[in-house]
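What follows is each chain in one-letter form.
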Amino acid sequence: MSYLLPHLDFGWAVDQAILGEEERVVAVRFGHDWDETCMQMDEVLASFAETIKNFAVIYLVDITEIPDFNTMYELYDPCTIMFFFRNKHIMIDLGTGNNNKINWALKDNQEFINIVETVYRGARKGRGLVISPKDYSTKYRY
């Protein structure tokens, strides 16, 4: 499903996508198109990309083709989503301890739409850290 979403092929293109968007949240999925986790996430992202186009835009970046951001954003997971607004990285408290990014595949469309909407509302108010509408600290129940 990754072919339905725009890919950024150069580090400069990633920077311009983040710098150039003034009114919408930029969600960047860092990962590989062939990775199973990324495939699941891309399917979810593609299913609602049209729905959130007024307040967010989604881009895909292959971390092998563009390794420029791997150390800067600590991209060690197979699939990572980060949010930016007006050239500022927006952190989100998901209850997992890692406030910089989402590094697992969300399977529910509405769940992700709620996260993006929360990021948008918080970022518009000037907040650099927003609280997730759902606590993911109990995602893995043992």
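Residues numbered from 1 in each chain as written. Predicted model: local features only at pLDDT ≥ 70, side-chain atom pairs only at ≥ 80, totals over all residues. Heavy atoms only, no water.

(A) Layout of the overall build of the protein chain. When helices and strands are tallied, the protein chain shows three helices and six strands. Listing the helices and strands of the protein chain from first to last along the sequence gives β-α-β-α-β-β-β-α-β. Taken over C-alpha atoms, the radius of gyration comes to 14 Å for the protein chain, in line with the 14 Å a tight globule of 142 residues would show. Dimensions of the protein chain, computed from C-alpha atoms along their principal axes, come out at roughly 35 × 35 × 30 Å. Out of the 142 residues in the protein chain, the part that is buried amounts to 48%. Sequence separation of at least 24 residues holds for 73% of the intrachain contacts in the protein chain that already meet a minimum separation of 6. Across the protein chain, 14 positive and 21 negative side-chain charges occur, with their mean positions spaced 10 Å apart. (Helix = DSSP H or I, 4+ residues; strand = E, 2+ residues; numbered from the N terminus. Rg over C-alpha atoms; globule rule 2.2 N^0.38 Å. Buried < 20%, exposed > 50% of the residue type's maximum accessible area, 1.4 Å probe, protein only. Contact = heavy atoms within 4.5 Å. Lys, Arg positive; Asp, Glu negative; His and termini not counted. Charge placed at Lys NZ, Arg CZ, Asp CG, Glu CD.)

(B) Quick look at the pairing of strand S2 (residues 25-31). By the criterion of burial, S2 is predominantly enclosed, with seven of the seven residues buried. Every second residue of S2 is oriented toward a common face, with Val25, Ala27, Arg29 and Gly31 on one face and Val26, Val28 and Phe30 on the other, all of them buried. Alignment of S2 against strand S3 (residues 56-62), held across seven bridges, turns out to be parallel. Note on S3: the bridge partner recorded for valine 26 is valine 57. Between S2 and its parallel partner S3, the chain crosses via helix H2 (residues 36-48), and the hand of that crossover is right-handed. (Pairing = 2+ DSSP bridges. Right-handed = clockwise from strand over helix to strand, strands pointing away.)

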